[in-house]
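Here are the chains, one letter per residue:
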Amino acid sequence: MPRMMMPEYTVIRDVQEKEGWGWMFAAHDDARRSPRCKGTIIEHLKTGDYSMSGYEDRLCIERKAGFFELWNNYLERDRFEAEMERMSKIKYRYILIESSMTPDTMALCPSQFRNAVPGKVITKWLMGLSLKFNVNVMPV
């Protein structure tokens, strides 16, 4: 069976992504062979930070700027876990963490938090949620 390929696609970036953070995808040259990105549009997404136009119900990418953002999510666990539950209903779902999981990261414990939690505790919590809601977590 031949593989189906979209000739063009548009990336959707959620309006709540902070200015100057995250990704913007430029349009590919028309001479490029398929698939070609038509660029990035900024719209409201019910779940996640990124998707593709016409596939919002099938693709969800939640971007985390690093472990610092995960510490904030840990402090607001109910809200983050509700988002994970919404993500679990989408066929292709990912949390991309812009950080590597090194021993140094696992030992981090930001002193500015009143109830400082080591990175390894955050990672264990996140991996548990990943299993519970079947969401792919990937450090990039």
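Structure: above.
Read on for a plain summary of the structure.

Procedures and definitions
Residues numbered from 1 in each chain as written. Predicted model: local features only at pLDDT ≥ 70, side-chain atom pairs only at ≥ 80, totals over all residues. Heavy atoms only, no water. 1 Å grid on protein atoms, 1.4 Å probe; cavity = no way out; pocket = protein on both sides within 12 Å on 5 of 7 lines; lining within 4 Å. Points joined across faces, edges and corners; volume = space filled by probe spheres on them. Helix = DSSP H or I, 4+ residues; strand = E, 2+ residues; numbered from the N terminus. Nonpolar A, V, L, I, M, F, W, Y, C, P; charged D, E, K, R; others polar. Expected span 1.5 Å × (residues − 1). Buried < 20%, exposed > 50% of the residue type's maximum accessible area, 1.4 Å probe, protein only. Arc of directions from axis to C-beta. Core = buried A, V, L, I, M, F, W, Y, C linked by side-chain atoms within 4.5 Å. Contact = heavy atoms within 4.5 Å. Axes fitted to C-alpha atoms, helices over the stretch in contact; angles between N-to-C directions. Left-handed = near helix turned anticlockwise from the far one by under 90°. Salt bridge = Lys/Arg side-chain N within 4 Å of Asp/Glu carboxyl O.

**Re the layout of surface pockets**
If you add up the space inside the largest pocket, you get close to 580 Å³. Along the walls of the largest pocket sit 22 residues, with Gln16, Glu17, Asp49, Glu62 and Glu69 positioned nearest its centre. Looking at the lining of the largest pocket, the elements that each hand over two or more residues are strand S4 (59-64), helix H1 (67-75) and helix H2 (77-87). Its residues placed into classes, the lining of the largest pocket shows 3 nonpolar, 6 polar and 13 charged.

**So, helix H4 (residues 119-133)**
Here H4 is 15 residues long and its end C-alpha atoms lie 21 Å apart, about the 21 Å a rise of 1.5 Å per residue gives. Listing the buried residues of H4 in full gives Gly119, Ile122, Thr123, Trp125, Leu126, Leu129, Ser130 and Phe133. Buried residues of H4 fall within an arc of 165° about the axis and therefore sit on the same side. Those residues of H4 that are exposed and angled more than 90 degrees off the buried face are Lys120, Lys124, Leu131 and Lys132. Where H4 ends, the next residue or the one after it, Asn134, has phi of about 55°, a positive value.

**Let's talk about the nonpolar core**
Core analysis: the largest hydrophobic core is formed by 19 residues, its most contacted members being Phe80, Met84, Ile95, Ile97, Ile122, Trp125 and Leu126. At the level of secondary structure, the elements contributing two or more residues to this core comprise H1, H2, strand S5 (92-97) and H4. For Ile95, the residues in contact, after removing those within four places along its chain, are Glu62, Lys64, Phe80, Met84, Met87, Leu126, Val135, Asn136, Val137 and Met138. Counting 7 residues, the second largest nonpolar core, distinct from the first, contains Val11, Cys37, Met52 and Ile61.

**What about the packing of H2 against H4?**
With their axes 10 Å apart at the nearest point, H2 and H4 run at an angle of 35° to one another. Considering how the two elements wind past one another, H2 and H4 form a crossing that is right-handed. For the pair H2 and H4, the contacting residues are Arg77, Phe80, Glu81, Met84 and Glu85 in the first and Trp125, Leu126, Leu129, Ser130 and Phe133 in the second. Taken together, the residues of the contact of H2 with H4 sort by class into 6 nonpolar, 1 polar and 3 charged.

**Focus on the pattern of salt bridges**
What the rule picks out here adds up to 7 salt bridges. The residue Arg36 makes a salt bridge to Glu8 at a minimum N-O spacing of 3.8 Å. One end of the pair, Arg36, is in strand S2 (residues 36-43); the other, Glu8, is in strand S1 (residues 8-14), and 28 residues separate them in sequence. Classification of Arg36 by relative accessible area gives buried; the value is 17%. Taking relative accessible area as the criterion, Glu8 reaches 36% and is therefore assigned partly exposed. For Arg58, the salt bridge is made with Asp57, and the minimal N-O distance between the two is 3.6 Å. Taking relative accessible area as the criterion, Asp57 reaches 53% and is therefore assigned exposed. Among the ionic contacts, a cluster of salt bridges with common partners joins Glu17, Arg63 and Glu98.

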